[in-house]
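Coordinate analysis (summary)
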Amino acid sequence: MHCPHDSLSPTPKQDAAFAAEALAVGELAHAAFHAGCALGADARYAPWLELLERIIQAAGPSPFHLFPLGDGASFATAAVHAYALARSGQPGLALELLSQVVQAKPDADFARWGVTWLEASGIAESTPPQYALPLVTSVLSRTSPNETQGLAVLLRIVERIASQHPENAGVLWVHGTLLRRCGRGDEGLAVARASYDAQPGWLTAVQLATAHRELRQVPQALDAYRAALRHDPRQVSVLLDAADMLCEHARVDEGLRWYEDALRLAPGDLWASASSAYWRAIHHGDTDAQERLLALADTHPEHERTGMLAADLARRLTPFEDFLPLRTDAGIHALRQLSLQPPPARRGPPSRVTLTTSWLEAPSVLLAWELQRAWKDFPYEVDIQVQRLQQPNPRLPTGPTSLTLWTFSETRPTRAVPPPPPAFAAAVAELAARPFQAERWWREAGPLAAALPSGEVTRLAHVMVHPPPLRGRWSAWSWLQRVQVAAVFIAARVDDGWEGSPRRELLLSLAHGPMDWTVDAALLALARIARATPAAHEEVLGLFRELGRHTREYRSYTYTLTCAHLQLPGLPVAERAALEQQREALQRGEEG
């Protein structure tokens, strides 16, 4: 039906309000449509159900003209039609229609109505499984393991269906699943075995494998997974399930072989790629695998499994020593999400995106957008609207500097230095492309620094805002971060002195510069120097304390500063404890 509110994308609460307004003026079909839309979000919400009842009652003894079926009928209209059928004593027709709605609109909540109807005496037994099971499985997918009462209701319904259809593969599957969910694993296994014996196939073999797996019977589960592959050797999900099980039971090398088989069948599969990288990093200490996983999490934020594994790996490691944490700037979050969008059908000038931020973003955020456009043919430009400036002014140096990488026109940054000579960019790119581990990079930076022309250390800083072309698997923004850290690590190895040394002048200038990722990078290099050079320790410690006192609003590098500060030796116990508490709080904020 045509609705004047279609263009508004209303919330369920707004849909309910529209329904009430339409009912008040007698527009019953309009009211029924919006009531259905609201109930799609929560089919059991009493005030909305009461509203639907009032609409149906207002229509008289035959309300079906309010929600006509046919071409173009919305899911809400069809669901409300099913509700009226059940209400009028026609549960069979109601369940058939509602099953179609649930399969067409799986994110809607209407299946709960169907489960209630199936509970009535004789209904579950008389309803064909192809109509009943989609309703049961939809509700099951929304029921947590702790909702024992809800699981028990579903199990009773399925047992009644199974009494009439004892050899139906779908019924056996759901029956076995519910038995296991209800803590009756041995009975679930018996049902799974009967299902496979009755109808051998990859699906029933997987059910049998799952039943064994949940009882921690790994050899038997593995046999069943192999049986599933004999029925259909191209089922990647079987390979993934078996690999997950083997790794979870400390048979990691076997599991990795199953992941490799999955990747041969489905190159680039995210589940297999992320899981394989995770277990190689955890079990074998493989830093290249560690970086593969973090890169996947960075470029595929929509993939839940990848994000979960990357977060678990990060919790086991020390940030900025074992890995470079992913950027969490608001502008990078928006860039990461937009990069997932399919390119427009017709290419023209870049579209402009306006992003409003609570405070000034680091200039490197805008540089990352520019690099994404240059390197990835990204079809967007960004305008960042800043609601307020932090204090002290993040566009100004926080101390004496001999080099500034950024200038500003209002809140718009511009690079203040020219591109570097090719030799400097090449040296930085070489280090940035290697797996990150701070001690390893520090060691490898020495020969790269020694090979560069002497007396031109500031050219390395130019690379930080004119990065070399992207290498490897990284996103544009992560490559920029790696380039900046690699540049200061090489700069920090150009000499071994401190007082009056070129590296001191450059790194302190960068650390005092306008708020940016380049400050983060300088702090990490200074922490390494302070650990290796006693003459630098007190000055670096004083700088970190000063920045910590006066730049708490500089979220661009508060986390990096805290972690770098913790790398310094000889901290007083109370200071270290306070920093560790702050780091944990910042990590919770980034993860949440």
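A few points on the structure. Not measured: the values here are computed from a predicted model. (Residues numbered from 1 in each chain as written. Predicted model: local features only at pLDDT ≥ 70, side-chain atom pairs only at ≥ 80, totals over all residues. Heavy atoms only, no water.)

1. Considering the environment of Ala35
When you line up the elements, Ala35 lands in helix 2 (residues 28–39). Here the alpha-carbon distance between Ala35 and Glu254, two residues 219 residues apart in the chain, equals 53 Å. (Helix = DSSP H or I, 4+ residues; strand = E, 2+ residues; numbered from the N terminus.)

2. Side note on unusual backbone geometry
Looking along the chain, the bond that leaves Gln391 and enters Pro392 is cis, with omega of -5°. Inspection of the secondary structure assignment puts Pro392 in the loop between strand 2 (380–386) and strand 3 (406–409).

3. Quick word on the packing of helix 22 (residues 438–450) against helix 24 (residues 476–492)
Between helix 22 and helix 24, whose axes approach to 8 Å, the crossing angle comes to 60°. It follows from the interaxial angle that helix 22 and helix 24 lie oblique. With respect to the hand of their crossing, helix 22 and helix 24 are arranged in right-handed fashion. Of helix 24, the residues touching helix 22 (which contributes Ala438, Trp441, Trp442, Ala445, Leu448 and Ala449) are Arg482, Val485, Ala486, Phe489, Ile490 and Ala492. In the contact of helix 22 with helix 24, the residues fall into eleven nonpolar, no polar and one charged. (Axes fitted to C-alpha atoms, helices over the stretch in contact; angles between N-to-C directions. Parallel < 35°, antiparallel > 145°, perpendicular 65-115°, else oblique. Left-handed = near helix turned anticlockwise from the far one by under 90°. Contact = heavy atoms within 4.5 Å. Nonpolar A, V, L, I, M, F, W, Y, C, P; charged D, E, K, R; others polar.)

4. Some remarks on the packing of helix 16 (residues 270–284) against helix 17 (residues 287–299)
Packing of helix 16 against helix 17 leaves a shortest axis separation of 7 Å and a crossing angle of 140°. Taken as axis vectors, helix 16 and helix 17 run oblique relative to one another. Helix-helix and strand crossings are classified by hand; for helix 16 and helix 17 the assignment is left-handed. Residues Leu270, Ser273, Ala274, Ala277, Tyr278, Arg280 and Ala281 of helix 16 form the contact with helix 17, whose own contacting residues are Ala289, Gln290, Arg292, Leu293 and Leu296. Tallied by class, residues from the contact of helix 16 with helix 17 come to eight nonpolar, two polar and two charged.

5. Overview of the pattern of salt bridges
By the definition in use, this model includes 37 salt bridges. The salt bridge partner of Glu214 is Arg180, with a shortest N-O separation of 2.9 Å. Linking Glu214 in helix 12 (residues 202–214) with Arg180 in helix 10 (residues 169–181), this pair joins segments that are 34 residues apart in sequence. With a shortest N-O distance of 3.2 Å, Arg503 and Asp495 are connected by a salt bridge. Residue classification places Arg503 among the buried residues on the basis of a relative accessible area of 4%. Within this structure, Arg352, Arg373, Glu381 and Asp383 form a network of salt bridges that share partners. (Salt bridge = Lys/Arg side-chain N within 4 Å of Asp/Glu carboxyl O. Buried < 20%, exposed > 50% of the residue type's maximum accessible area, 1.4 Å probe, protein only.)

6. Looking at helix 20 (residues 363–376)
Over its 14 residues, helix 20 extends 20 Å from the first C-alpha to the last, a length consistent with the 20 Å expected when each residue adds 1.5 Å. Buried within helix 20 are the following residues: Pro363, Ser364, Val365, Leu366, Leu367, Ala368, Trp369, Leu371 and Gln372. Backbone geometry just after helix 20 places Asp377 at a positive phi near 55°. (Expected span 1.5 Å × (residues − 1).)

7. Here's the deal with the packing of aromatic side chains
This model, assessed by the stated rule, comprises 14 aromatic pairs. An angle of 50° between the planes, with centres 5.1 Å apart, marks the rings of Phe110 and Trp113 as tilted. Across this residue pair, the class does not change: Phe110 and Trp113 are buried. Among the aromatic residues, ring-to-ring pairing joins Phe75, Tyr83, Phe110, Trp113 and Trp117 into one connected group. One cation-aromatic arrangement involves Lys105 over Phe75; the distance from NZ or CZ to the ring centre is 4.9 Å. (Phe/Tyr/Trp six-rings, centres within 6.5 Å; stacked < 30°, edge-to-face > 60°. Lys NZ or Arg CZ within 6 Å of the ring centre and 35° of its normal.)

8. Some details on the pairing of strand 3
Two strands pair when backbone bridges link them, and strand 3 and strand 4 (residues 412–415) are joined in this way by four bridges, in the antiparallel orientation. Its bridge partner being in strand 4, Thr407 is matched across the sheet by Thr414. Here strand 3 folds back onto strand 4 in antiparallel fashion, the turn holding two residues, of which Glu410 has a positive phi close to 55°. (Pairing = 2+ DSSP bridges.)

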